[in-house]
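In case you want the letters, here they are:
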Amino acid sequence: MVDNGIGQWIPGEYPATRVADETARGEWFVWRDKSATLVGAVRLVWRDPDFWGADDETEAGYIHGLMVGPEHRGRDLGPRIIQFCADHTLARGITRQRLDTATDNAVLRKYYAVQGFIEVRETTLPPPFRGTTHVVLMEKFLDSAYE
């Protein structure tokens, strides 16, 4: 992202110890290919006060850190990961997904809109993130017929 002029993630701003703690809580999911090479990952949580503030009280599956390795892009892995998150969210009886992206990341804003997410509002990026100053909060409503 940095190489493409997108300031959403700055190397080193998200320490490995934080990822380890989140992993221990069961928040991270990974996808590997047949040779066990990591091809994608996502973090799914049930609260997100840092980004959503007072709206955090709304039940939702909050998607963070959705990543697909560059060599695996264009294979519909992103939509499958979003579907995976939807399935886990629905399994908890929750019918709303939420995520965020940098306000200035037009590519991801369009990508998530195509995936059915609508823009809710813009907000200031919380600490410890420092790559950009604002993010767009997006959500998608699910129902039991979601496939």
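Sequence order as written defines residue numbering, which begins from 1 separately in each chain. Selection of residues for local features in this predicted model requires a pLDDT of at least 70, selection of side-chain atom pairs for listing and counting requires 80 or more, and totals for whole chains, interfaces and linings are taken over all residues. To obtain the side-chain values, all non-hydrogen atoms of the structure were used and water was disregarded.

### A few points about helix α3 (residues 77-91)
Only DSSP runs of H or I covering at least 4 residues are called helices, and only runs of E covering at least 2 are called strands; the numbering of each starts at the N terminus. Multiplying one less than the number of residues by 1.5 Å gives the expected span of a helix. An ideal rise of 1.5 Å per residue puts 21 Å on 15 residues; α3 measures up with 21 Å between its terminal C-alpha atoms. Think of it in three bands: with a 1.4 Å probe and only protein chains considered, a residue is buried below 20% of the maximum accessible area for its type, exposed above 50%, and partly exposed in between. Those residues of α3 that fall on the buried side of the exposure criterion are Leu 77, Gly 78, Ile 81, Ile 82, Gln 83, Cys 85, Ala 86 and Thr 89. Elements that come into contact with the buried residues of α3 comprise β1 (28-32), β2 (38-45), β3 (61-68), β4 (96-102) and α4 (106-114). Looking one or two places after α3, you find Gly 93, whose phi comes out positive at around 80 degrees. In what follows, residue pairs with any heavy atoms lying within 4.5 Å of each other are defined as contacts.

### Section: unusual backbone geometry
At Ala 36, a residue that is not glycine, the phi angle is positive and equals roughly 70 degrees. Structurally, the position occupied by Ala 36 is in the loop between β1 and β2. Although it is not a glycine, Asp 76 sits at a positive phi angle of roughly 60 degrees. In this fold, Asp 76 is placed in the loop between β3 and α3.

### What to know about the pairing of β1
The rule for pairing is simple: two strands pair if DSSP sees at least two bridges between them. Pairing between β1 and β2: five bridges, direction antiparallel. What sits directly across from Val 30, in β2, is Ala 41. Here β1 hands over to β2 after five residues, with Ala 36 in that stretch at a positive phi of 70 degrees.

### Some thoughts on the sheet that holds β2
Within the open sheet, the six strands sit side by side as β1-β2-β3-β4-β6-β5. Their pairing is mixed. Only two strands of the sheet have a single partner each, and these edge strands are β1 and β5 (118-124). Looking at each pair of strands side by side, their axes are set apart by 25 degrees on average, direction ignored. The pairing of β4 with strand β6 (residues 134-141) spans seven bridges and is classified as antiparallel. Note on method: axes are straight lines fitted to C-alpha atoms, helices fitted across the in-contact stretch only, with angles between N-to-C directions ranging 0 to 180 degrees.

### Remarks on the pattern of salt bridges
Salt bridges are counted wherever a side-chain nitrogen of Lys or Arg sits within 4 Å of a carboxyl oxygen of Asp or Glu. Throughout the structure, instances matching the rule amount to eight salt bridges. For the salt bridge of Arg 18 with Glu 22, the shortest nitrogen-to-oxygen distance reads 3.3 Å. You can see Arg 18 and its partner Glu 22 sitting in helix α1 (residues 16-24), four residues apart, about one turn around the helix. With relative accessibility at 26%, the residue Arg 18 sits in the partly exposed group. Of the charged contacts, one joins Glu 57 and Arg 47 as a salt bridge, the two residues approaching to 3.2 Å between their closest N and O atoms. Remark: Arg 47 occurs in the loop between β2 and α2 (49-52) and Glu 57 occurs in the loop between α2 and β3; sequence separation between them is 10 residues. For Arg 47, a relative accessible area of 47% corresponds to the partly exposed category.

### A closer look at the environment of Asp 100
By the element assignment, Asp 100 lies in strand β4. For Asp 100 and Leu 125, which are 25 residues apart along the polypeptide, the C-alpha to C-alpha distance reads 9.7 Å. Between N or O atoms, a polar contact is any pair within 3.5 Å; within protein, one atom must be a potential hydrogen donor and the other a potential acceptor, and residues adjacent in sequence are included only when both atoms are from side chains. There is a polar contact of 3.4 Å between the side chain of Asp 100 and the side chain of His 64.

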